[in-house]
Structures are given as C-alpha cells and as structure tokens.
Amino acid sequence: MIRISRPDLDPELSLRLRTRTDRLKVADADHRAARREWSGAALEKEGVRLALRQMSAAVERCMYCGDSRGTDIDHFEPIRLAPLRTFEWLNHLLACSSCNSNAKRDRFPVDESGVCLLVDPTRDDPLDHLRLILSTGTYRGNTPRGCATIEVFQLNRADLRRGREVAFPRCQAMLREYLRLRNAVSPAMPPSC
C-alpha cells in the first residue's frame, strides 16, 4: 500500500454527488435506500471511477493491495454503516474485487473510542502503519491500524505475497544494472539527489 493524493473533484460532479447526498438526508435513508440510490447513479459512478483512475496514475491498481486491477469503487466506510456517506468523494477508493468484495465487504473495525482502524491511503501514510518485508513479500503491522488493515484486506494472501517476493530480486537486479551503467558512463560523477 502506498500513499495516494486525492485531487478535488470536477465542480459539476461534486454538485451531482452533493445533490444525491441531500436526497438521502431528506429521505432519512437507511443502507438499503442508499444502495438503491447508488445502483441508479450511473453517471455519478462513472465520474467517480474516472477520478479514482486518475488518482492511481491511470494504472488502475487497487489502492489497498496495489497488485490487482482496480475494478470496484469501494466505500471506505461501508454503506451499511454510513448510508449518508454513499456519495461522499472522500469515502471512495479504487479497489480490486478481492480486496473489496471478497475480503473487506462491510467490515470497518474501530477501536474502543470509535476511531477507524483501517489505513486510508489518501489520508494516512501507510508507511507509518505497515512494513513490507521485501524478501518474503509479507506485510507486518507497525500499529494496531496496520494489523487491522492487513487482516481486513487480506494483504498477505498467497498470490500477493508470492508476487511481491518474486518482484524483489528482479528490482534488485534492475537497480544493480542501473548503477553499473551509470558508473560506466560517468564514474567520477558524485550521486545526484
């Protein structure tokens, strides 16, 4: 998981999302009504999806595991728990179906004071909470939030661990080759910042 910057939304899309939220508030919508409203919001969902894709540098990677293709709009705080946040831009992240639909679903662990235990890569620096053991491809939690994030999103599932483990020596080899080529071109030049 890496830190991701969240840009401001297009004003027109922002207005449409606010209008949808206002409609939910007026109706005092529960999670079922909010899900129905979300299901019928094709234009808004497409706008959110496009903005999320731009946040992920058009690579469309899952903002949680970073490995799989981001196909889903995840409601960080689930609709079941916060129906009035259904259309809130700050509550949307791009996720793969494994992280969103299979692992997280409606899970949203909180501590004894009600503070969310999941790392939001648009608000938090994942490096404060997670440590990647490069040689094994395994995440370890530095904090209770890191541990909860690993568990809820299943960040150490076998396919992810194996992919990271295999990528590590390849990255090492590329860095060694880069340094070799750089030194061959200008051996006396000091490293640049």
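Our structure's up above, just so we're on the same page.
Owing to the predicted nature of the structure, the values given are computational and were not obtained by experimental measurement.

(A) Representation of the overall build of the chain within the structure. Looking only at helices and strands, the chain features 6 helices and 4 strands. For the C-alpha atoms alone, the extent of the chain along its principal axes is close to 70 × 35 × 30 Å. When each of the 193 residues of the chain is scored for burial, the buried share is 42%. Long-range pairs, those at least 24 residues apart, make up 64% of the contacts in the chain with a sequence separation of at least 6. Of the side-chain charges in the chain, 32 are positive and 26 negative, and the distance between the mean point of each set is 5 Å.

(B) Local environment of the packing of aromatic side chains. One pass over the full model with this rule turns up 3 aromatic pairs. A centroid spacing of 5.3 Å and a plane angle of 55 degrees characterise the contact between Trp-38 and Phe-87, whose relative ring orientation is tilted. One end of the pair, Trp-38, is in helix H2 (residues 31-39); the other, Phe-87, is in the loop between strand S1 (72-75) and strand S2 (92-95), with 49 residues separating them in the sequence. There is no split in this pair, since Trp-38 and Phe-87 are both buried.

(C) Seen up close, the layout of surface pockets. Of the pockets and cavities examined, the largest pocket occupies roughly 480 Å³. Forming the boundary of the largest pocket are 23 residues, of which Met-1, Ile-2, Cys-65, Gly-66 and Asp-67 lie nearest the centre. When its residues are assigned to classes, the lining of the largest pocket shows 16 nonpolar, 3 polar and 4 charged. One number sums up the size of the second largest pocket: a volume of about 170 Å³.

(D) Region of interest: the pairing of S2. With burial as the criterion, each face of S2 is covered, one bearing His-92 and Leu-94 and the other bearing Leu-93 and Ala-95. Strand direction decides the pairing type here: S1 and S2, joined by 4 bridges, are antiparallel. Opposite His-75, over in S2, you have His-92 as the bridge partner.

(E) Structural view of the environment of Ala-34. Following the sequence through the fold, Ala-34 ends up in helix H2. Between the C-alpha atom of Ala-34 and that of Asp-120, which follows or precedes it by 86 residues, the distance is 22 Å.

Rules used in this analysis
Residues numbered from 1 in each chain as written. Predicted model: local features only at pLDDT ≥ 70, side-chain atom pairs only at ≥ 80, totals over all residues. Heavy atoms only, no water. Helix = DSSP H or I, 4+ residues; strand = E, 2+ residues; numbered from the N terminus. Buried < 20%, exposed > 50% of the residue type's maximum accessible area, 1.4 Å probe, protein only. Contact = heavy atoms within 4.5 Å. Lys, Arg positive; Asp, Glu negative; His and termini not counted. Charge placed at Lys NZ, Arg CZ, Asp CG, Glu CD. Phe/Tyr/Trp six-rings, centres within 6.5 Å; stacked < 30°, edge-to-face > 60°. 1 Å grid on protein atoms, 1.4 Å probe; cavity = no way out; pocket = protein on both sides within 12 Å on 5 of 7 lines; lining within 4 Å. Points joined across faces, edges and corners; volume = space filled by probe spheres on them. Nonpolar A, V, L, I, M, F, W, Y, C, P; charged D, E, K, R; others polar. Pairing = 2+ DSSP bridges.

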